[in-house]
Structure formats: C-alpha cells, structure tokens
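# A closer look at the structure
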Amino acid sequence: TKEEGNHRFRFFTSDLQVKLLEKSFLEMELRQALDNKQFSLHYQPQIDLATGLIKGLEALARWEHPERGFIAPNRFIPIAEENGFILQLGAWVLRQACRQAKAWQDKGFLPLRISVNVSMRQFIQPAFVEDVKKILAETGLDPAYLNLEITESMMSDVQQCQPKLIELQQAGISVSIDDFGTGYSSLLYLSKFPISHLKIDQAFIGELSKENSMIVKAIIDLAKNLNLNVIAEGVETSEQENFLKELKCDEVQGYYYAKPMPWNEVEKFLNRT
Ligand code: C2E
Ligand code: CA
Ligand code: CA
Ligand code: CA
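Heads up: these notes are all about the structure in this document. (Residues numbered from 1 in each chain as written. Chains lettered and ligands numbered in written order. Predicted model: local features only at pLDDT ≥ 70, side-chain atom pairs only at ≥ 80, totals over all residues. Heavy atoms only, no water.)

### Some points on the coordination of the calcium ion (ligand 3)
Those donors, Asp178 (OD), Asp179 (OD), Glu233 (OE) and Glu233 (OE), are the protein atoms that reach the calcium ion (ligand 3), and they lie 2.2 to 2.9 Å from it. Each donor residue of the calcium ion (ligand 3) belongs to the same chain, with the gaps between them written as D-D-x53-E. Taken as a pair, the calcium ion (ligand 3) and the calcium ion (ligand 2) show a spacing of 4.1 Å, with aspartate 178 coordinating each metal. One end of the pair, aspartate 178, is in strand β6 (residues 174-180); the other, glutamate 233, is in strand β8 (residues 229-233), with 55 residues separating them in the sequence. Just as aspartate 178 is buried, glutamate 233 falls in that class too. (Donors = N, O, S within 2.8 Å, 3.2 Å for Na, K, Ca; no water. Helix = DSSP H or I, 4+ residues; strand = E, 2+ residues; numbered from the N terminus. Buried < 20%, exposed > 50% of the residue type's maximum accessible area, 1.4 Å probe, protein only.)

See below:
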C-alpha cells in the first residue's frame with residue numbers, strides 16, 4: 001500500500017540521514033582532533049619467522065575521541081582521504097613515527113625498521129618525496145630505517161608511480177606493497193619497480209582454505225623468484241605459523257606475536273625480546 005511505502009521510505013531516509021550526520025560529525029571533528037592531540041600511534045612488531053627476532057614495527061594511527069572513545073582507522077581514514085585531511089594527518093603520522101624511531105635508537109634500542117602507511121592521495125602529491133626527505137632531515141632518522149607501505153592499486157599508474165619509487169630508492173627509503181593479492185597489480189611492474197617487501201593480505205591468512213593456501217604459496221614463490229621479502233599479516237594461530245614456516249615465509253605480523261601497542265608497551269616488548 002501507499003502508506004506502507006511511505007513508511008518504508010521514511011525509515012530508509014532517516015537511516016541514511018543518521019549515517020550522513022555521523023559522517024559530517026566525524027569530518028568536522030577530524031580537523032580539530034589533530035590540534036587537540038587526539039591522535040596517537042600504535043606499533044605492531046614484524047617478526048623474522050626463522051629466528052623469532054623482531055625486524056620492524058608498523059605504525060598504525062589511533063584516534064581517541066573524548067566522548068566516543070577509540071574510533072577505528074577503517075572509519076576515519078576513508079573520510080580523511082575523501083576530504084583531503086589525510087595530507088595533514090599523513091604528514092603528522094610520518095613525523096611522529098620517524099621521531100619515535102629516532103628516540104628509540106637514541107635510548108639504545110637496537111635500530112629497527114619503521115613502516116608507515118601512505119595513502120594514494122598523499123603519494124600522488126608532487127612534493128611527496130621531498131616532504132618525506134624533509135621529515136627525515138628534521139627528525140634525524142636514517143632513511144635506511146624508514147619503510148613506506150603503499151597498496152597495489154597505487155602502482156597501477158605506472159607513469160606516476162615509477163619515478164616516485166625510484167626517487168624514494170635513491171633517497172634510501174624502502175617501499176612495501178601492502179594488502180598484496182587483493183587489488184590489481186601487474187606482475188611485470190612488480191619485477192621492475194624497486195620494492196622491498198610484499199605483504200600478504202590478512203584475508204588469505206585468516207581463512208587458510210585450500211584456495212587461500214594455494215594463493216599464499218603462490219605469492220611466496222613469486223616473491224622469492226623476484227627477490228622480494230614476504231610478510232604475512234594477520235597471523236593469529238600456531239597452525240597458521242606452521243604453515244608459513246613450511247613455505248619459508250620471511251616475516252610475520254599478527255596478534256599471535258603481538259597486538260599494535262603504544263610506545264611505552266613497545267619498550268617493554270623490546271626489553272623482553
Ligand atoms: P593495514 O595497513 O592492512 O594494517 C593492518 C591491520 O590489521 C591493522 O588494523 C592491525 O591492527 C590489524 N591486525 C594486526 N594483526 C592482526 C591479526 O592478527 N588479526 C586481525 N584480525 N587484525 C590484525 P588497524 O590498525 O585497525 O588499521 C586498519 C587500516 O587502516 C590499516 O590496514 C591501514 O590501511 C589503515 N591505516 C591505519 N593507520 C594508518 C595511517 O597512519 N595512514 C594511513 N594512510 N592508513 C592507515
Ligand atoms: Ca599496512
Ligand atoms: Ca595490510
Ligand atoms: Ca588494509
């Protein structure tokens with residue numbers, strides 16, 4: 001009936017309105033959040049599978065809202081990407097991660113690679129590499145310890161991507177391909193571009209079905225043939241670890257080893273290992 005239709009329509013719009021309202025709230029609050037120091041970084045260890053030694057730390061952004069509590073990056077990063085705020089946030093993340101890595105070295109911890117996620121919008125800025133170099137100079141971190149994680153889709157524009165990757169390589173900064181296996185990427189470019197690591201997407205590791213196991217094996221073989229290191233993400237169980245050990249996966253990252261932690265917990269973790 002017409003009445004029912006109207007009712008359903010109203011229900012649909014109000015649902016949509018709530019979503020839009022929520023989004024515009026987050027959008028407004030995002031900008032203030034940086035000034036109000038509501039962002040922080042957590043760090044998750046990346047472990048050498050054969051030796052159990054820690055090789056690096058991935059920096060992951062956290063937003064602690066005074067009323068709403070922690071808001072997940074999967075909610076605020078897409079909004080920040082859409083409205084351009086990611087440029088400021090991304091620069092803050094990079095500076096904070098480099099500063100922290102340098103501080104750990106100065107405190108006498110064994111120097112570790114620090115991996116920072118870079119979004120497409122940041123990466124395509126003409127001054128991106130210059131900005132990264134400035135942050136390294138400012139913080140005093142040796143570029144050899146900085147790793148940038150970009151996703152497969154960012155490599156699809158070869159004309160734009162290749163010169164940037166070469167510039168980064170010349171500056172001594174390594175680049176990993178994140179979420180590998182989920183997006184488009186030409187294997188040809190993979191062999192031609194200067195890349196240090198492939199990170200197998202956690203979706204494959206999380207559910208090691210027959211198909212996923214085959215995909216993981218294929219990615220590890222591919223990486224070995226191209227002389228790239230492989231990191232498996234989202235490792236949560238000893239079964240997953242054993243499977244990856246058999247395949248001689250280089251590095252692992254996941255709750256089975258350590259969750260992303262604030263800087264002070266990282267120090268305890270480093271003292272323990
Ligand atoms: P990502 O780069 O693929 O990061 C890995 C995500 O998996 C992180 O989620 C991490 O906490 C989570 N994780 C780690 N180990 C496990 C595990 O064993 N099991 C499961 N189920 N999950 C695990 P998080 O921190 O919520 O970040 C989500 C995504 O947000 C990241 O995915 C990345 O794409 C984006 N992100 C986070 N921080 C930043 C940032 O500073 N800049 C940009 N551009 N993106 C960021
Ligand atoms: Ca990542
Ligand atoms: Ca990933
Ligand atoms: Ca991801």
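### Remarks on the coordination of the calcium ion (ligand 4)
Ligation of the calcium ion (ligand 4) by protein atoms is provided by Asp179 (OD) and Asp179 (OD), these donors lying 2.6 to 3.2 Å from the ion. When you line up the elements, aspartate 179 lands in strand β6.

### Focus: the pairing of β8
Summarising burial for β8: four of the five residues are buried, a large majority. Bridge analysis of strand β7 (residues 197-200) against β8 gives four bridges, and the strand direction is parallel. Note on β8: the bridge partner recorded for isoleucine 200 is alanine 232. Across three bridges, β8 lies against strand β9 (residues 251-253) in parallel orientation. Counterpart to alanine 232 in the pairing with β9 is valine 252. (Pairing = 2+ DSSP bridges.)

### Here's the deal with the site of ligand 1
Around ligand 1 lies a shell of 21 residues, among which Gln44, Arg62, Gln202, Glu236 and Tyr255 are the nearest. At 3.3 Å from an oxygen atom of ligand 1 is found a side-chain nitrogen or oxygen belonging to glutamate 58. Note that an oxygen atom of ligand 1 is positioned 3.1 Å from one of the side-chain N or O atoms of aspartate 178. When the free accessible area of ligand 1 is taken as 800 Å², the share hidden by the protein chains comes to 83%. Within the residue set of the shell around ligand 1, elements represented by two or more residues are β2 (54-65), α2 (73-83) and β6. With four residues, β2 is the largest single contributor of residues to the shell around ligand 1. (Near = heavy atom within 4 Å. Polar contact = N/O pair within 3.5 Å; in protein donor to acceptor, adjacent residues only side chain to side chain. Areas by Shrake-Rupley, 256 points an atom, 1.4 Å probe, with all protein chains shown as cover.)

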